[in-house]
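# Structure assessment
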Amino acid sequence: MSSTTVTLDDLLPEAQAAFAAAPTAAALEDAKALFLGKTGRVTELLKGMAALSVEEKKTRGAQINVLKTGIEAALNARRSALAEADLQRQLKAEAIDVTLPGRAPGFMGSVHPITRCWARIEQIFGELGFDVGDGPEVETDWFNFTALNNPPNHPARSMQDTFYVDLTDTDGQPYCLRTHTSPMQVRYALQHAKRHAEALKRGELPEIRVIVPGRTYRVDSDATHSPMFHQFEGLWLGENVSFADLKSTYLHFCKQFFEADDIVLRFRPSYFPFTEPSAEMDIRFESGPLAGKWLEVSGSGQVHPNVVRNMGLDPERYVGFAFGSGIDRLAMLRYGVSDLRQFFEGDLRFLGQFKG
Ligand code: DAH
């Protein structure tokens, strides 16, 4: 068949069919050679033009060019389609299933239950306008006992046996590990003495309203006592602060702390050198697992005038209450833990269980 007899119209569909049948980019390039290569069909057509007259060359040349453009367009369309298919295949192969659950990290540690309770206490009293104080665990005999109306040789000292440190203060008294957070009552008042004195001069009577959570120490160790334990002290002094304020404040705290509304609180007469009168505060849950029993939660009382005097304040003007509660004991009640020692053994199986 002479090249001049080739029907140009047939070639484009032929090329399109050959390109469409090429399954890969390499096969497509082979198919392209069949039409546009050195010995390809279109090239042959062009070669065949040599024998034509000038007039014929003109028409034939234009027709071949249209055909060539059509074939090239078909080639490019197929190239893009194959490239797109390749991309899709690759994307599918490398797809990440974002709906798969992630690999959980191992146990990352957790906030200690005592620390949780400590934070709750600061939060609740903070909302009532109480400042948060902090003070030394190695304390002078004066702050720990004497300033709290508990002088040397007073029998009340035997209520709290502690660890002594091989150091003496300027009065020759030994330093001790504080037996309670109560020394912070006097320390805190003295820390703010200047500000209070200035306010008093202006005719104001600034209140003292503070809680002091912290570590305390005693020579004691059994299921409900640990030689190191945690307390928080509360102190509210002002012009007219009464036992009614103590009761409503502490009951509010208990309800928030235990997340229970049906709690009642009672005072039970007691003795502490630094308060007069003194009382234990007991609470009772009206429902829930602890319902029915009176539970002792805090020592308390009206701050003794001698203590107010040691704060540098006038006991005729400053009255109010103090209390001291065991954080560990509150934590045991909140979480239903019966052996205090578990809090301090560092067993992650135990410590990992606490939330809230
Ligand atoms: N400090 C006392 C103790 O550890 C508890 C206490 C009782 C603190 C009465 C007070 C208070 O502030 O007023 O046993």
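The model shown is predicted, which means the values in this text are computed figures rather than measured ones.

## Some remarks on the environment of phenylalanine 343
- Looking at where phenylalanine 343 falls in the secondary structure, it is placed in the loop between helix H11 (327-335) and helix H12 (348-351).
- Taking C-alpha positions, phenylalanine 343 is 90 Å from threonine 39, a pair spaced 304 residues apart along the chain.
- Those residues in contact with phenylalanine 343, other than ones at most four positions away along the chain, are His112, Pro113, Ile114, Asp328, Ala331, Met332, Val337, Phe350 and Leu351.

## A word on the pairing of strand E10 (residues 319-326)
- Two strands pair when backbone bridges link them, and strand E6 (residues 228-238) and E10 are joined in this way by eight bridges, in the antiparallel orientation. When the sheet's bridge partners are listed, phenylalanine 232 is paired in E10 with serine 325.
- Bridge count between strand E9 (residues 294-303) and E10: five bridges; the pairing is antiparallel. By the bridge assignment for E10, glycine 299 is matched with glycine 324.

## What to know about the domain arrangement of the protein chain
- Parsing the protein chain into structural domains produces domain 1 (2-93) and domain 2 (113-354).
- Its C-alpha centre places domain 1 at a distance of 95 Å from the equivalent point of domain 2.

## Structural notes on the packing of aromatic side chains
- A complete count under the given rule lists 23 aromatic pairs for this structure.
- Geometrically, the ring pair formed by phenylalanine 232 and phenylalanine 253 is edge-to-face, given 5.5 Å between the ring centres and 65 degrees between the ring planes. One end of the pair, phenylalanine 232, is in strand E6; the other, phenylalanine 253, is in helix H9 (residues 243-258), and 21 residues separate them in sequence.
- Residue phenylalanine 253 is classed as buried on the basis of its relative accessible area, which comes to 0%.
- What links up through ring pairs into an aromatic cluster is the set Phe125, Phe130, Phe232, Trp236, Tyr250, Phe253, Phe257, Phe258, Phe285, Phe321 and Phe323.
- Just above the ring of phenylalanine 257 sits the side chain of arginine 120; from NZ or CZ to the centre is 5.7 Å.
- Above the face of the phenylalanine 257 ring, arginine 334 is positioned so that its terminal group lies 5.9 Å from the ring centre.

## Remarks on unusual backbone geometry
- Of the consecutive residues glutamate 276 and proline 277, the connecting peptide bond is found in the cis state with omega at 0 degrees.
- Structurally, the position occupied by proline 277 is in strand E8 (residues 275-285).
- Positive phi values are uncommon outside glycine, yet asparagine 153 reaches one of about 70 degrees.
- You can see asparagine 153 is positioned in the loop between helix H6 (141-144) and strand E3 (164-168).
- The phi angle at glutamate 259 is positive, at roughly 55 degrees, despite the residue not being glycine.

## Thoughts on the packing of helix H1 (residues 8-21) against helix H2 (residues 25-36)
- Across the interface, H1 lies against H2 with an axial gap of 9 Å and an inter-helix angle of 160 degrees. Classified by the interaxial angle, the pair formed by H1 and H2 is roughly antiparallel. In the crossing of H1 with H2, the sense of the turn from one axis to the other is right-handed. Contacts between H1 and H2 involve Leu11, Glu14, Ala15, Ala18 and Phe19 from the first element and Leu28, Ala31, Lys32 and Phe35 from the second.

## A closer look at the pattern of salt bridges
- A full pass over the atoms with the stated rule returns 17 salt bridges.
- Glutamate 139 serves as the salt-bridge partner of arginine 187, at 2.7 Å between the closest nitrogen and oxygen. Highlighted residues: arginine 187 in helix H7 (residues 183-191) and glutamate 139 in strand E2 (residues 138-140), separated in sequence by 48 residues.
- Residue glutamate 139 is classed as buried on the basis of its relative accessible area of 1%.
- One salt bridge in this structure joins arginine 157 and aspartate 141, with 2.8 Å as the shortest N-O distance. With arginine 157 in the loop between H6 and E3 and aspartate 141 in helix H6, this pair connects stretches of sequence that are 16 residues apart.
- Note on aspartate 141: relative accessible area 2%, which makes it buried.
- Overlapping salt bridges bring together Arg266, Arg268, Asp282 and Glu296 as one network.

## Remarks on the layout of surface pockets
- Quantified by volume, the largest pocket comes out at close to 800 Å³.
- When residues of the lining of the largest pocket are traced back to their parent elements, those giving at least two are E6, E8, E9, E10 and H11.
- Residue contributions to the lining of the largest pocket peak at six residues, all from E9.
- Of the residues in the lining of the largest pocket, the class split is 11 nonpolar, 18 polar and seven charged.

## A short note on the packing of H1 against helix H4 (residues 54-93)
- Running from amino to carboxyl end, H1 crosses H4 at an angle of 15 degrees, the nearest separation of the two axes being 10 Å. One finds that H1 runs roughly parallel with respect to H4. Note on packing geometry: the crossing formed by H1 with H4 is right-handed. Every residue of H4 that contacts H1 at Leu8, Leu11, Leu12, Ala15, Gln16, Phe19 and Ala20 is listed here: Arg60, Gln63, Ile64, Leu67, Gly70, Ile71, Ala74, Leu75 and Arg78.
- Here the contact of H1 with H4 is built from residues that sort into 11 nonpolar, three polar and two charged.

So, how was this worked out
Residues numbered from 1 in each chain as written. Predicted model: local features only at pLDDT ≥ 70, side-chain atom pairs only at ≥ 80, totals over all residues. Heavy atoms only, no water. Helix = DSSP H or I, 4+ residues; strand = E, 2+ residues; numbered from the N terminus. Contact = heavy atoms within 4.5 Å. Pairing = 2+ DSSP bridges. Domains from an automatic or database assignment. Phe/Tyr/Trp six-rings, centres within 6.5 Å; stacked < 30°, edge-to-face > 60°. Buried < 20%, exposed > 50% of the residue type's maximum accessible area, 1.4 Å probe, protein only. Lys NZ or Arg CZ within 6 Å of the ring centre and 35° of its normal. Axes fitted to C-alpha atoms, helices over the stretch in contact; angles between N-to-C directions. Parallel < 35°, antiparallel > 145°, perpendicular 65-115°, else oblique. Left-handed = near helix turned anticlockwise from the far one by under 90°. Salt bridge = Lys/Arg side-chain N within 4 Å of Asp/Glu carboxyl O. 1 Å grid on protein atoms, 1.4 Å probe; cavity = no way out; pocket = protein on both sides within 12 Å on 5 of 7 lines; lining within 4 Å. Points joined across faces, edges and corners; volume = space filled by probe spheres on them. Nonpolar A, V, L, I, M, F, W, Y, C, P; charged D, E, K, R; others polar.

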